[in-house]
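Working through the structure, step by step
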Amino acid sequence: MATPSLQCTGIEKFLGEGEARVHALRGVTLAVQPGEVHAVVGPSGCGKSSLLYILGLLDRADAGQLVLGGQDVSALDDNAVSRRRNESLGFIFQFHFLLQDFTAAENVMIPMRKLGRQSEEEMRDRAADLLAAVGLGAKGARSSKALSGGEQQRVAIARALANDPEVILADEPTGNLDTANSERVFDLLRNLVHRERKGLLLVTHNPAIATACDVVHTMKDGLVVETVRQ
Ligand SMILES: Nc1ncnc2c1ncn2[C@@H]1O[C@H](COP(=O)(O)OP(=O)(O)OP(=O)(O)O)[C@@H](O)[C@H]1O
Ligand SMILES: [Mg+2]
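In this report, we go over the structure that sits alongside the text. (Residues numbered from 1 in each chain as written. Chains lettered and ligands numbered in written order. Predicted model: local features only at pLDDT ≥ 70, side-chain atom pairs only at ≥ 80, totals over all residues.)

1. Comments concerning helix H6 (residues 179-196)
Put simply, the rule is: By definition, any uninterrupted DSSP run of H or I lasting at least four residues is a helix, any uninterrupted run of E lasting at least two residues is a strand, and each is numbered from the N terminus. A helix is expected to span 1.5 Å multiplied by its residue count minus one. Our exposure labels follow a C-beta count within 10 Å of each residue's own C-beta, placed from the backbone: buried means 20 or more other C-beta atoms, exposed means 12 or fewer, and partly exposed covers the counts in between. To be clear, the arc concerns the directions from the helix axis to the C-beta atoms. By the convention adopted here, residues are in contact when the distance between their C-beta atoms, placed from the backbone, does not exceed 7 Å.
The end-to-end C-alpha distance of H6, which contains 18 residues, comes to 26 Å, matching closely the 26 Å that a straight helix rising 1.5 Å per residue would cover. Burial in H6 covers these residues: Ser 182, Val 185, Phe 186, Leu 189 and Val 193. Each buried residue of H6 sits inside an arc of 95° when the element is viewed along its axis, so together they form one side. Turned more than 90 degrees away from the buried face of H6, the exposed residues are Ala 180, Asp 187, Asn 191 and Arg 195. Close packing links the buried residues of H6 with strand S3 (36-41), helix H5 (149-160), strand S7 (167-171), strand S8 (199-203) and helix H7 (207-211).

Dropping the structure here:
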């Protein structure tokens, strides 16, 4: 079998302090192979977002191992972690967090600027291509605050793809979209993952989307209780 795009073993996480301290993740193990789309489903509060933050190198686990593209990243220092995050991970948040005073294209260019590998013109061209792919080809020059919620979510998706990540993590990426745009965005992500052999793990409450994924992990109380390959 190929090297997994992402593999985690025994991930544990405690959140909060004192009385409010919860054992949010109690030993999560899963692996996403290149070219696979995985869904994480489960009730509110079961630990889906907490898991995604750890897999996305936005938070640290209290126990367990995380391997990205064959490299154990569990013990990397903070600088190495942020470089790795910017180079090889694309994250689509539950809420999109665009810079409101920037245009759509400028928002998509932020991760490219951080990486600093392309000329201004190359970055502009790539941003235009990505925005066209999410159906916003005509709106690159618009200020983000002058876009609808669903349009902003699509800009956030284009931004997550900016540096051509090996792994894409998405927390309800289509939660704010109507049915037509939700399907469109999901198809776009799934086709990209299958075609370019990336790994995608997405949290969803939408059964139609979960059904269209290659693998579905069901979480309950901080654990994956069932993994189904469909
Ligand atoms: N910063 C925090 N401090 C304390 N507890 C937290 C914190 N963040 C999350 N939790 C708790 O950890 C558990 C898991 O939360 P998480 O956000 O991962 O759930 P979720 O599965 O993503 O839920 P949802 O479907 O509502 O987004 C919940 O019990 C939540 O209350
Ligand atoms: Mg959540």
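2. Thoughts on the site of ligand 1
In plain terms, the rule: For each residue, a C-beta position is placed from the backbone atoms; the residue is near a molecule or strand when that point lies within 6 Å of it.
Leu 15, Gly 16, Ala 20, Val 22, Ala 24, Ser 44, Gly 45, Cys 46, Gly 47, Lys 48, Ser 49 and Ser 50 make up every residue found near ligand 1. Looking at the shell around ligand 1, the elements with two or more residues in it are strand S2 (22-32) and helix H1 (48-55). In terms of residues, the shell around ligand 1 owes the most to one element, H1, which gives three residues.

3. Considering the packing of helix H3 (residues 104-115) against H5
Packed helices, taken two at a time, are described by the angle between their axes plus the distance between the axes. Our working rule: Note on geometry: axes are C-alpha line fits, over the in-contact stretch for helices, and angles between N-to-C directions span 0 to 180 degrees. Angles are sorted into four bins: roughly parallel if under 35 degrees, roughly antiparallel if over 145, roughly perpendicular if 65 to 115, and oblique for all others. The crossing is said to be left-handed when, going from far helix to near helix, the turn is anticlockwise and less than a right angle, and right-handed when the turn is clockwise. Residues are grouped as follows: nonpolar covers Ala, Val, Leu, Ile, Met, Phe, Trp, Tyr, Cys and Pro; charged covers Asp, Glu, Lys and Arg; every other residue, Gly included, is treated as polar.
Running from amino to carboxyl end, H3 crosses H5 at an angle of 30°, the nearest separation of the two axes being 8 Å. Judged by the inter-axis angle, H3 sits roughly parallel to H5. Remark: the crossing between H3 and H5 carries right-handed chirality. Taking contact as the criterion, the partners of Ala 104, Asn 107, Val 108, Ile 110 and Pro 111 in H3 are, on H5, Val 155, Ala 158 and Arg 159. Class assignment of the residues belonging to the contact of H3 with H5 gives a composition of six nonpolar, one polar and one charged.

4. Things to note about the nonpolar core
As a reminder, the rule being used: Throughout this description, the term nonpolar core refers to a group of buried Ala, Val, Leu, Ile, Met, Phe, Trp, Tyr and Cys residues whose C-beta atoms join them within 7 Å.
If you look at the biggest cluster of nonpolar residues, it comprises 62 residues, and the most contacted ones within it are Leu 55, Val 108, Leu 131 and Leu 169. Setting aside residues no more than four positions away along its own chain, Leu 169 makes contact with Leu 52, Leu 55, Gly 56, Leu 89, Phe 91 and Leu 201.

5. Some thoughts on the sheet that holds strand S5 (residues 71-72)
Test applied: Note on pairing: DSSP must find at least two bridges between two strands before they are called paired.
Taken in spatial order, the four strands of this open sheet run S2-S1-S4-S5, and their pairing is antiparallel. If you trace the sheet from one side to the other, it starts and ends with S2 and S5, each paired once. As judged from the two bridges shared by strand S4 (residues 63-68) and S5, these two strands associate in the antiparallel manner. Note that in S5 the partner of Val 67 across the bridge is Asp 72. On the sheet, H1 packs against strand S1 (6-15), S2 and S4 and is oriented at approximately 120° with respect to S1.

6. What about the sheet that holds strand S6 (residues 89-92)?
Pairing is mixed in the open sheet, where six strands are placed in the order S6-S7-S8-S3-S9-S10. A single partner strand is all that each edge strand has here, and the edge strands are S6 and strand S10 (223-229). Across the sheet, the mean angle from the axis of one strand to that of its neighbour is 15°, orientation sign disregarded. Where strand S9 (residues 215-220) and S10 come together, six bridges link them in antiparallel fashion. Note on S10: the bridge partner recorded for Val 216 is Val 228.

7. A closer look at the environment of Ala 75
Relative to the helices and strands, Ala 75 is located in the loop between S5 and helix H2 (78-88). Taking the C-alpha atoms as reference, Ala 75 lies 8.8 Å from Gln 65; in sequence the two are 10 residues apart.

8. Comments concerning the environment of Val 67
Along the chain, Val 67 falls in strand S4. Residue classification places Val 67 among the partly exposed positions, given that 17 C-beta atoms sit within 10 Å.

9. Digging into the pairing of S3
A regular strand places its side chains so that they alternate between the two faces of the sheet. With six of six residues buried, S3 lies mostly within the body of the structure. Along S3, one buried face is formed by Glu 36, His 38 and Val 40 and the opposite face, lined by Val 37, Ala 39 and Val 41, is buried too. Summarising the sheet, S3 and S8 pair through five bridges and their orientation is parallel. Pairing of Val 40 across the sheet is with Val 203, part of S8. Pairing of S3 with S9 involves four bridges; the strand directions are parallel. Within S9, the position partnered with Ala 39 by the bridge is Val 216.

What is shown is where atoms sit, not what they do.
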